[in-house]
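# Coordinates in review
For reference, the chains in residue letters:
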Amino acid sequence: MLRNYPGIISEEDFRYHRMISIFASEPEPPFESVPEQTEIWGRRWGCSNDVGRLRVVLMHRPGDELNRVDVAKTMPEIGGFGDPKTGWYWRGAEGPNLAAMQEQHDRLTALLEQEGVEVVRLKRTATGRMKSCYTRDSCIAVKGGAIVTRLGARVRRGEERPVAETLIDIGCPILRTMSGNAIFEGGSFAWIDSATAVAAISSRGNMEGVRQLEEVLRSQDVKLLVISVPGYRLHIDGAFVMVDRDTALINPTQLPFDFLTELKERKIRLIDVHPEDSVWTINCLALRPGRVVMSEGVSPRTVDRLGAAGIEVVMVPYANVTSGGGGIHCSTSPLVRDDL
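Here is what the cut-offs are and how they apply
Residues numbered from 1 in each chain as written. Predicted model: local features only at pLDDT ≥ 70, side-chain atom pairs only at ≥ 80, totals over all residues. Heavy atoms only, no water. UniProt positions renumbered as here; feature names shortened; annotations may be inferred. Helix = DSSP H or I, 4+ residues; strand = E, 2+ residues; numbered from the N terminus. Buried < 20%, exposed > 50% of the residue type's maximum accessible area, 1.4 Å probe, protein only. Contact = heavy atoms within 4.5 Å. Areas by Shrake-Rupley, 256 points an atom, 1.4 Å probe, with all protein chains shown as cover. Lys, Arg positive; Asp, Glu negative; His and termini not counted. Charge placed at Lys NZ, Arg CZ, Asp CG, Glu CD. Phe/Tyr/Trp six-rings, centres within 6.5 Å; stacked < 30°, edge-to-face > 60°. Disulfide = S-S within 2.5 Å. Expected span 1.5 Å × (residues − 1). Pairing = 2+ DSSP bridges. Axes fitted to C-alpha atoms, helices over the stretch in contact; angles between N-to-C directions.

Per an unreviewed UniProt entry, the recorded name for the protein chain is arginine deiminase, and the organism is Hypericibacter adhaerens. Listed under Pathway (unreviewed entry) in UniProt, the entry text for the protein chain is "Amino-acid degradation; L-arginine degradation via ADI pathway; carbamoyl phosphate from L-arginine: step 1/2." The UniProt entry for the protein chain carries this comment under Catalytic activity (unreviewed entry): "L-arginine + H2O = L-citrulline + NH4(+)".

Right, let's get into the overall build of the protein chain. Across its full length, the protein chain carries eight helices and 18 strands. In terms of overall dimensions, the protein chain has a C-alpha envelope of 90 × 45 × 40 Å along the principal axes. Going through the 340 residues of the protein chain one by one, you find that 52% of them count as buried. Put simply, 70% of the contacts in the protein chain that link residues at least 6 apart link residues at least 24 apart. Per element, the accessible surface of the protein chain, about 15900 Å² overall, is 51% carbon and sulfur. Averaging the coordinates of the 41 positive side-chain charges in the protein chain and doing the same for the 45 negative ones gives two points 2 Å apart.

The next thing to look at is the side chain of Thr109. Among the structural elements, Thr109 can be located in helix α3 (residues 98-114). Residue class for Thr109 comes out buried when judged on its relative accessible area of 7%. Excluding anything up to four places from it in sequence, Thr109 contacts Met59, Val119 and Arg121.

The next subject is the packing of aromatic side chains. Counted under the stated rule, the structure contains three aromatic pairs. A centroid spacing of 5.7 Å and a plane angle of 85° characterise the contact between Phe189 and Trp191, whose relative ring orientation is edge-to-face. By relative accessible area, Phe189 is classed as buried at 6%. A residue is classified by how much of its surface remains accessible, and Trp191, at 1% relative accessible area, is buried.

Below, the discussion takes up the state of the cysteines. Summed over the entire model, instances satisfying the criterion amount to zero disulfides. The thiol sulfur of Cys172 is not disulfide-bonded, and the nearest other cysteine sulfur, from Cys139, lies at 7.5 Å.

What follows is about the environment of Ile236. Relative to the helices and strands, Ile236 is located in the loop between β11 (223-228) and β12 (240-244). Given a relative accessible area of 0%, Ile236 falls into the buried group. Measuring from C-alpha to C-alpha, the distance between Ile236 and Ser188 comes to 4.7 Å, with 48 residues separating the pair along the chain. Residues contacting Ile236, with those up to four places away along its chain left out, are Gly187, Ser188, Phe189, Val198, Ala200, Ile227, Val229 and Leu255.

For α3, spanning 17 residues, the distance from its first C-alpha to its last is 24 Å, which sits close to the expected 24 Å at 1.5 Å a residue. The complete set of buried residues in α3 reads Ala100, Met101, Gln102, Gln104, His105, Leu108, Thr109, Leu111 and Leu112. Positive phi appears at Gly116, one or two residues downstream of α3, with a value of about 90°.

Here we take up the sheet that holds strand β16 (residues 291-295). Sheets are built from strands paired through backbone hydrogen bonds, the pairs being either parallel or antiparallel. With mixed pairing, the three strands of this open sheet are ordered in space as β15-β16-β17. The outermost strands of the open sheet, each flanked by one partner alone, are β15 (285-288) and β17 (312-316). Averaged over all pairs of adjacent strands, the angle between strand axes in this sheet comes to 35°, irrespective of strand direction. Of the strands in this sheet, β15, β16 and β17 touch α3, which is tilted by about 140° from β17.

What follows concerns the environment of Leu224. Locating Leu224 in the fold gives a position in strand β11. For the pair Leu224 and Arg211, spaced 13 residues apart in sequence, the C-alpha separation works out to 9.8 Å. In this view, Leu224 contacts Phe189, Ala197, Val198, Ala199, Val210, Leu213, Glu214 and Leu217; residues no more than four positions away in its chain are not counted.

Shown next, in the form of structure tokens:
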């Protein structure tokens with residue numbers, strides 16, 4: 001019998017090593033594969049595009065968090081109300097009409113459910129985070145799960161934790177939580193196709209945020225294009241959104257020339273927003289390839305252009321929700337879409 005002297009493998013050690021060799025670790029299939037996802041996580045999670053049939057979406061009905069808006073604190077310099085000391089702001093001549101916002105948000109939610117979309121409601125909101133209904137910014141769904149972002153403005157910092165709690169509650173894998181000095185918001189991310197995405201640098205997204213996002217995507221063989229949005233614009237979803245497999249709705253005056261050139265080289269059909277239509281026109285949501293939901297009455301000329309291109313548009317009233325600074329795209333964070 002072998003003895004357990006230094007440098008000599010005991011019989012028990014030998015059996016242990018043999019066990020490890022027989023029951024070895026198994027890196028394949030990868031985490032994002034359908035068999036791995038369904039066995040371990042209960043279903044296939046995540047998105048590999050922005051137009052595949054929408055299956056699961058994260059939303060939050062506007063609620064008491066909007067009571068933070070104090071219309072006594074006017075700020076003419078921003079055309080609204082706010083408190084730089086605590087960080088909240090609200091633009092517009094009037095404060096939020098909560099009942100009207102809820103009614104319109106409910107109509108969008110009902111439309112999505114009629115389309116067969118599972119709507120996941122945020123478990124709670126962080127105290128005073130009065131922009132929590134714009135769930136797009138707090139997480140980004142990629143293959144196999146979601147990335148919890150880190151929001152830039154003080155009025156939004158803290159939305160991340162309730163989102164993470166909700167994702168954990170429904171069993172959606174969190175592939176990364178942005179950390180350190182990273183800042184990035186979901187409105188500045190878009191899929192172009194299953195192998196290519198774009199991230200925008202802006203006042204709400206810095207290079208460290210992009211680096212951490214790219215780190216996750218690189219492991220999934222996804223190329224991340226990086227652009228800068230002009231001036232103080234916040235997100236890319238006011239200038240670019242995919243509406244079909246190979247079709248994008250764009251505002252060409254708000255996108256870099258080299259990005260427009262890249263899209264054309266990739267044979268992406270570009271539909272320009274009509275210059276007389278609302279800034280919320282592009283902030284729409286694809287339900288499936290070639291079918292989008294858009295805010296009612298703000299984009300009649302662009303709707304005609306989309307129709308001529310074979311894109312079907314479904315409309316819901318949403319002006320009261322957009323008064324808070326976010327449209328339909330902002331109000332929906334897809335967690336599961338069909339692959340294309």
